[in-house]
Amino acid sequence: MKRFLGKSALVTGGGGGIGGAIAERLAFEGAAVGVLDRRGEAAADTAQRIEAAGARGMALTAEITDPDSVAAALETMTDAIGAPDVLINNAAWAIRGDLESTELADWQAEIGIDLDGQFVCAKAVLPGMVARGTGAIVNIGSVNGLMALGNPAYSAAKAGLLSFTRSLAVEYGPKGVRTNMVSPGTVETDIETWRIRREKNPQIFEQLARWYPVGRVGRPDDIAAAVAFVAADEAAFVNGANLVVDGGLTAGLPVMIEELILE
């Protein structure tokens, strides 16, 4: 499918993991993709993979919590491949696993990247989308925003992001801009958080798989496919939705069921 031919997309946190998979999926489907990451080298790696596949991609470096930094990156992208028709607010960061170890500075840093940054990026692209009368924003949430799974600051930010998604959907839907959320469960990536956990427990993904009714944790491509759908024109009547992509985790707990039915 080429659902994004003639369109430009901006993917934050596109330097790897879920963001990289999203950027490559949108490019595969025809979009010219601005790959934005605070790590310039990582953004360049994703952009190079996109270009090597015969699509259009460009690396952008910015701090999403800094409006001036985002505005500069957006101007660079607009001049090179066009203003974004699609924004994927994917960049995120989780530092502390429990509340006891979370200091105020940790809390503020996570809320800043996981919620404030999404606000900054949305504010940056919305004027152009409204002027054109069309646009799609997809915020990447998490099952952490729906249930208690540790990482309290990250979880609070993702819960707030769901409310922000609905606010955007209601305010900007009449102006032609749809906003939705995709909330993944556990996804196997090489981001720092999972590298640290895997160093402590090399079998962590295999152990977590038993909690998922589909029998495995997610892959970046699982999330990219869901994002491509809600961002595409075929989802024109989907606005303010939260698509949970978690293999059934929030539908029920198979491990608990097994324990309940033991004879």
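Residues numbered from 1 in each chain as written. Predicted model: local features only at pLDDT ≥ 70, side-chain atom pairs only at ≥ 80, totals over all residues. Heavy atoms only, no water.

Caption draft 1: Seen up close, the pattern of salt bridges. Going through the model one piece at a time under the given rule, you end up with 10 salt bridges. With a closest N to O distance of 3.5 Å, glutamate 63 and arginine 38 form a salt bridge. Taken together, the residues span a long stretch of sequence, with glutamate 63 in the loop between strand E3 (56-61) and helix H3 (67-81) and arginine 38 in the loop between strand E2 (32-37) and helix H2 (40-52) at a distance of 25 residues. As a salt-bridge pair, aspartate 85 and arginine 132 come within 3.8 Å of each other at their nearest N and O atoms. With a gap of 47 residues between them, aspartate 85 in the loop between H3 and strand E4 (86-89) and arginine 132 in helix H4 (residues 104-132) connect regions that are remote in the sequence. Judged by relative accessible area, aspartate 85 falls into the buried class, the value being 17%. Among the charged side chains, a salt-bridge network with shared partners connects Arg3, Arg25, Glu29 and Glu234. (Salt bridge = Lys/Arg side-chain N within 4 Å of Asp/Glu carboxyl O. Helix = DSSP H or I, 4+ residues; strand = E, 2+ residues; numbered from the N terminus. Buried < 20%, exposed > 50% of the residue type's maximum accessible area, 1.4 Å probe, protein only.)

Caption draft 2: Representation of helix H8 (residues 220-231). The end-to-end C-alpha distance of H8, which contains 12 residues, comes to 16 Å, matching closely the 16 Å that a straight helix rising 1.5 Å per residue would cover. The set of residues buried in H8 consists of Pro220, Ile223, Ala224, Ala226, Val227, Ala228, Val230 and Ala231. Buried positions along H8 lie against helix H1 (17-28), E4, strand E5 (135-140), strand E6 (177-184) and strand E7 (242-245). (Expected span 1.5 Å × (residues − 1). Contact = heavy atoms within 4.5 Å.)

Caption draft 3: View of the pairing of E6. The element E6 is extensively covered by neighbouring structure, given that eight of its eight residues are classed as buried. Side chains Val177, Thr179, Met181 and Ser183 project from E6 onto one buried face, and the interleaved Arg178, Asn180, Val182 and Pro184 project onto a second face that is buried too. With six bridges joining them, E5 and E6 adopt parallel strand pairing. Residue pairing across strands places asparagine 139 opposite methionine 181, the latter belonging to E6. Note that E6 and E7 share four bridges and pair parallel. Across the sheet, the residue bridging to serine 183 is valine 244, located in E7. (Pairing = 2+ DSSP bridges.)

Caption draft 4: Examining the packing of aromatic side chains more closely. Counting across every chain of the model gives one aromatic pair. Across from the ring centre of tryptophan 93, 5.9 Å away, lies the NZ or CZ of arginine 38, which sits over that ring. Sitting above the plane of the tyrosine 172 ring, lysine 175 keeps its charged end 4.9 Å from the centroid. (Phe/Tyr/Trp six-rings, centres within 6.5 Å; stacked < 30°, edge-to-face > 60°. Lys NZ or Arg CZ within 6 Å of the ring centre and 35° of its normal.)

Caption draft 5: How the structure looks around the environment of glutamine 207. Within the element layout of this structure, glutamine 207 appears in helix H7 (residues 204-209). You can call glutamine 207 partly exposed: its relative accessible area is 45%. When the C-alpha positions of glutamine 207 and valine 217 are compared, they lie 9.5 Å apart, and in sequence the two are 10 residues distant. At 3.1 Å, the side chain of glutamine 207 forms a polar contact with the side chain of asparagine 201. (Polar contact = N/O pair within 3.5 Å; in protein donor to acceptor, adjacent residues only side chain to side chain.)

Scope: geometric values only; no functional claims are made or implied.
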